[in-house]
Amino acid sequence: MPLSRNAVPLRERLIFAMDVPDTSSAQALADRLGDSVCFYKLGLELFMDGGYFQLVDRLTSQGKKVFVDLKFFDVPETVGRAVRRLGGRGVTFCTVHGNDAMLAAACSNRGDVKILAVTALTSLDRGDLDDLGFACDPRELVLSRARRAFEIGCDGVISSGLEASALRQHVDSRLLVVTPGIRPVENRPVDDQKRTVDVRQAFLNGADHIVVGRPIRNAADPCAAAESIQRTIADVFAG
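Analysis parameters
Residues numbered from 1 in each chain as written. Predicted model: local features only at pLDDT ≥ 70, side-chain atom pairs only at ≥ 80, totals over all residues. Heavy atoms only, no water. Pairing = 2+ DSSP bridges. Helix = DSSP H or I, 4+ residues; strand = E, 2+ residues; numbered from the N terminus. Axes fitted to C-alpha atoms, helices over the stretch in contact; angles between N-to-C directions. Contact = heavy atoms within 4.5 Å. pLDDT = per-residue confidence, 0-100. Buried < 20%, exposed > 50% of the residue type's maximum accessible area, 1.4 Å probe, protein only. Right-handed = clockwise from strand over helix to strand, strands pointing away. Parallel < 35°, antiparallel > 145°, perpendicular 65-115°, else oblique. Left-handed = near helix turned anticlockwise from the far one by under 90°. Nonpolar A, V, L, I, M, F, W, Y, C, P; charged D, E, K, R; others polar. Phe/Tyr/Trp six-rings, centres within 6.5 Å; stacked < 30°, edge-to-face > 60°.

Thoughts on the sheet that holds strand β1 (residues 14-17)
Here eight strands make up a closed barrel; going around it, the order is β1-β2-β3-β4-β5-β6-β7-β8 and the pairing parallel. Direction aside, the axes of adjacent strands within the sheet are offset by 25 degrees on average. Here strand β5 (residues 114-118) pairs with strand β6 (residues 156-158) via three bridges, running parallel. Bridge assignment links V118 to a residue of β6, and that residue is I158. In this fold helix α3 (residues 52-61) packs onto β2 (39-42) and β3 (65-72), with an angle of close to 150 degrees to the strand it touches most, β3.

Section: the confidence of the model for the protein chain
Counting all residues, the mean pLDDT for the protein chain is 88, and 86% of those residues have values of 70 or more. Low pLDDT, under 50, characterises residues 185-190; the stretch is placed with three contacts to residues that sit more than four places away or in other chains.

Remarks on the pairing of strand β4 (residues 93-96)
Burial along β4 is two-sided: the residues F93 and T95 and C94 and V96 are all buried. Summarising the sheet, β3 and β4 pair through three bridges and their orientation is parallel. Within β4, the residue paired with V68 across the bridge is C94. After leaving β3, the chain enters helix α4 (residues 76-84) and then returns to the sheet as β4, a path that is right-handed. Relative to β5, β4 runs parallel, the two sharing four bridges. The partner of C94 across the bridge, within β5, is I115. With respect to chirality, the unit in which β4 leads through helix α5 (residues 100-108) into the neighbouring parallel β5 is right-handed.

As for the packing of α4 against α5
In a pair of packed helices, the angle between the axes and the distance between the axes together describe the arrangement. Two numbers describe how α4 lies on α5: the axes approach to 8 Å, and their chain directions differ by 30 degrees. One way to sum up the angle between α4 and α5 is to call them roughly parallel. Every pair of crossing elements has a handedness; the one defined by α4 and α5 is right-handed. Contact residues: P76, V79, G80 and V83 in α4; A101, M102, A105 and A106 in α5. A per-class count over the contact of α4 with α5 returns seven nonpolar, one polar and no charged.

Focus on the packing of aromatic side chains
One pass over the structure, following the stated rule, counts seven aromatic pairs. Residues F39 and F93 carry aromatic rings whose centres are separated by 5.5 Å and whose planes lie at 25 degrees to one another, so their mutual orientation is stacked. With F39 in strand β2 and F93 in strand β4, this pair connects stretches of sequence that are 54 residues apart. For the pair shown, F39 and F93 are each scored as buried. Taken together, a centroid distance of 5.4 Å and an interplanar angle of 70 degrees make the contact between F203 and F237 edge-to-face.

Section: the pairing of β2
Residue alternation in β2 divides its side chains into two sets, F39 and K41 and Y40 and L42, and both sets are buried. Pairing of β1 with β2, which is carried by two bridges, proceeds in the parallel orientation. Following the sheet pairing, F16 is matched in β2 by Y40. Handedness of the crossover is the feature at issue here: the chain leaves β1, passes through helix α1 (residues 23-33), returns alongside β2, and the resulting connection is right-handed. Pairing between β2 and β3: four bridges, direction parallel.

And the structure:
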């Protein structure tokens with residue numbers, strides 16, 4: 001399967017998941033990572049701390065890209081209004097985890113923000129989907145949601161690397177594929193991510209961006225860990 005040819009600057013293909021408990025820790029970690037990371041995902045844990053949007057503004061003022069990962073899910077009007085509030089802040093991506101009407105409302109109010117539709121969380125496997133009432137294979141669910149997201153006008157989707165190649169084959173190649181659940185080695189049972197791939201395989205399967213958290217955050221030298229991933233990405237796209 002060919003690599004994605006969407007125009008993404010090489011070092012922006014790595015998105016670091018800033019999953020820390022407070023914004024002061026987040027800023028300290030961003031300072032430590034320096035130029036090794038230029039794209040940050042800010043999620044729910046940080047949102048609950050209080051200084052979330054001050055951190056967004058601080059990172060964008062430093063030339064960093066920001067992915068607001070709050071997985072908006074509410075009545076369409078509320079989703080649209082929430083997305084509209086992100087405009088003008090320099091935010092690159094935000095996530096919507098909802099039905100067609102919610103996605104459409106987000107797209108209608110996106111302004112300069114790209115809308116990523118969540119397909120199926122990488123922490124869910126077939127058994128989890130059965131428990132939730134989705135009587136289908138994860139791959140089929142991802143493809144179905146991705147097709148609808150593209151038709152509605154979303155810019156991309158959040159998808160496991162396991163489904164990225166199918167998305168490239170069966171959904172328009174212009175759709176951005178952002179892949180979380182990246183692990184450098186075979187996943188361990190204690191890990192809450194179940195549908196994972198490594199860095200190289202994610203891009204060979206067609207991902208545009210990967211989201212990496214713990215393998216960088218928990219490394220003895222987070223900057224070195226991020227740079228190692230950047231070198232792997234450069235090697236993949238050089239080939």
